[in-house]
Amino acid sequence: MIESDAHSDPAPEGVQADDDRRKQDRHIAMLRLAKIKTESGEGWGFIKNLSATGMMIEVHPDFELSNDVSALLTEEQELTGTVRWRKNALAGVEFHEPIDVSKVLAKPNETKVGRIARLPRIEMQHPINLYQGSKLIHADICDISPAGICVSTNFQFEIGKNLRLSVPDLLDISGTVRWQSGNRVGIIFSQRLPLDDIMVWLSTFYRTTKMETDELAALNKSGNDGATDRAADSLPYHIIGHDDLGKEILIDTMDSAAEALIQFKATSKFFYRVSIRNADNVELSIGTIVLRAFDEERAASKSQLS
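All of these numbers come straight from a predicted model, not from anything done at the bench.

(A) Spatial organisation of the overall build of the chain. Of the regular secondary structure elements, the chain holds seven helices and 16 strands. Within the chain, residue pairs in contact and separated by at least 24 positions form 57% of the contacts whose partners lie at least 6 positions apart. Summed over its atoms, the accessible surface of the chain is roughly 16800 Å², and 48% of this surface lies on carbon and sulfur atoms.

Here's what the structure looks like:
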């Protein structure tokens, strides 16, 4: 359905049904960035070809696709269908209902409320550190795109202020406060984030961990039994590579959670699976390591100010 646009047996002339089928099966090669939404999470991908009945998409190899997926070209233009095949980064999707290809390819117009149509952002909850000069501000990501980010924080910003944004395992980013409404703050990046880098990060921390927001919050509650903290305190961290036959390879040993995350990201694409264990050989969740990396950064910031 997706892989071929050739027809070895043309339909007999005068048969309207076959003519309509050929029009539906005609594939148009393209490269259109879209937000890909599945049951397991959200991310970006490319629509590589399109017909009235389906599309071929390209996503990060680590991005998990459920049976049903949606591709959002803008906030109000969504294509939904069922995954029929997948090979590494490529996947074929059959639409639930035929679409009008000409409308999909048309130049985006203004939305119903008068705003210019834009690529939908990825909605998520993830802690982030903001720096206004030497001042550290804790916040949570609400949504993110390669061009900007929306965060939630109690801090009141001045519009136009320059900030430095820091997320473990995602390089420091500079940006400017564009707007603030209550606790929500819109920040535009000084430079667009490379799509591949942000997809690796999303795949690592938003999907492959399969951690719901309440699970991540539970790890950060001060009233827990402390077992998670004790496990994360058992240094050093061992980064282990696993192949598809169950063989384990020690990649590196580190005393820093932030450094362990960087190594985790750098080596994940070379192994079937990568895990992080403590000195007691207990495997730690990525959520635990992320929170510990934030603790390290906050401690370092406090020591610089003291």
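(B) Fine view of the sheet that holds strand S15 (residues 273-277). Pairing in this open sheet of four strands is antiparallel, and the strands run S14-S13-S15-S16 from one edge to the other. Looking at strand neighbours, the two that pair on one side only are strand S14 (248-254) and strand S16 (283-284), the edges of this open sheet. As judged from the two bridges shared by S15 and S16, these two strands associate in the antiparallel manner. Paired with Arg277 across the two strands is Glu283, which belongs to S16.

(C) Looking closely at unusual backbone geometry. Even without being glycine, Asn88 reaches a positive phi, approximately 55 degrees. Considering the arrangement of structural elements, one finds Asn88 in the loop between strand S5 (77-87) and strand S6 (90-95). The phi angle at Asn281 is positive, at roughly 65 degrees, despite the residue not being glycine. Looking at the secondary structure, you find Asn281 in the loop between S15 and S16.

(D) How the structure looks around the sheet that holds S6. Pairing is antiparallel around the closed barrel formed by six strands, whose spatial order is S1-S2-S3-S6-S5-S4. Going from strand to strand, the sheet's axes swing by 45 degrees on average, the running direction of each strand aside. In this structure, strand S2 (residues 41-50) lies alongside strand S3 (residues 54-58), joined through four bridges in antiparallel fashion. Bridging from a neighbouring strand, Phe46 pairs with Glu58 of S3.

(E) Quick peek at the pattern of salt bridges. On inspection of all chains with the given rule, the structure shows seven salt bridges. With its nearest N and O atoms 3.3 Å apart, the salt bridge here joins Lys48 to Glu58. With a gap of ten residues between them, Lys48 in strand S2 and Glu58 in strand S3 connect regions that are remote in the sequence. Two residues, Arg121 and Asp143, come together in a salt bridge whose shortest N-O distance is 3.6 Å. Placement of Arg121 in the loop between helix H2 (101-105) and strand S7 (122-132) and of Asp143 in strand S8 (residues 135-144) is noted, with a sequence separation of 22 residues between them.

(F) Spotlight on the environment of Leu31. You can see Leu31 is positioned in strand S1 (residues 28-38). Put simply, Leu31 and Lys48 are 17 residues apart on the chain and 4.9 Å apart in space, counted from C-alpha to C-alpha.

(G) Representation of helix H6 (residues 257-268). Helix length check: H6, at twelve residues, gives a terminal C-alpha distance of 16 Å against a target of 16 Å (1.5 Å per residue), a fit within 8%. A distance of 3.3 Å separates the backbone nitrogen of Ala258 from a side-chain oxygen at the start of H6, and that oxygen is part of Ser256.

(H) Focus on the pairing of S1. In the sheet, S1 pairs with S2 via nine bridges, with the strands oriented antiparallel. Bridged to Ala34 within S2 is Gly45. Summarising the sheet, S1 and strand S4 (residues 68-74) pair through three bridges and their orientation is antiparallel. Counterpart to Ile36 in the pairing with S4 is Ala71.

(I) Focus on the side chain of Ser66. For Ser66, the location among the structural elements is in the loop between S3 and S4. Overall, Ser66 belongs to the buried group, its relative accessible area being 15%. Of the polar contacts made by the side chain of Ser66, one reaches the backbone nitrogen of Glu39; its length is 3.2 Å. Looking at Ser66, its side chain comes within polar contact range of the main-chain oxygen of Asp68, at 3.0 Å.

(J) A look at the packing of aromatic side chains. Across all of its chains, the model carries one aromatic pair by this definition. One Lys or Arg, Arg164, reaches over the ring of Tyr131 and ends 4.1 Å from the middle of that ring.

(K) Structural detail: the state of the cysteines. Counted by the stated rule, this structure contains zero disulfides. Cysteine Cys142 remains unbridged, with the sulfur of Cys150 as its closest cysteine sulfur at 4.3 Å. Accessibility expressed as a relative area gives 3% for Cys150, which makes it buried.

(L) View of the environment of Arg121. Each C-alpha atom, one on Arg121 and one on Cys142, is 9.5 Å from the other, the two residues being 21 residues apart in sequence. For Arg121, the side chain forms a polar contact with the main-chain oxygen of Gly148, separated by 3.3 Å.

Cut-offs applied
- Residues numbered from 1 in each chain as written.
- Predicted model: local features only at pLDDT ≥ 70, side-chain atom pairs only at ≥ 80, totals over all residues.
- Heavy atoms only, no water.
- Helix = DSSP H or I, 4+ residues; strand = E, 2+ residues; numbered from the N terminus.
- Contact = heavy atoms within 4.5 Å.
- Areas by Shrake-Rupley, 256 points an atom, 1.4 Å probe, with all protein chains shown as cover.
- Pairing = 2+ DSSP bridges.
- Axes fitted to C-alpha atoms, helices over the stretch in contact; angles between N-to-C directions.
- Salt bridge = Lys/Arg side-chain N within 4 Å of Asp/Glu carboxyl O.
- Expected span 1.5 Å × (residues − 1).
- Polar contact = N/O pair within 3.5 Å; in protein donor to acceptor, adjacent residues only side chain to side chain.
- Buried < 20%, exposed > 50% of the residue type's maximum accessible area, 1.4 Å probe, protein only.
- Phe/Tyr/Trp six-rings, centres within 6.5 Å; stacked < 30°, edge-to-face > 60°.
- Lys NZ or Arg CZ within 6 Å of the ring centre and 35° of its normal.
- Disulfide = S-S within 2.5 Å.

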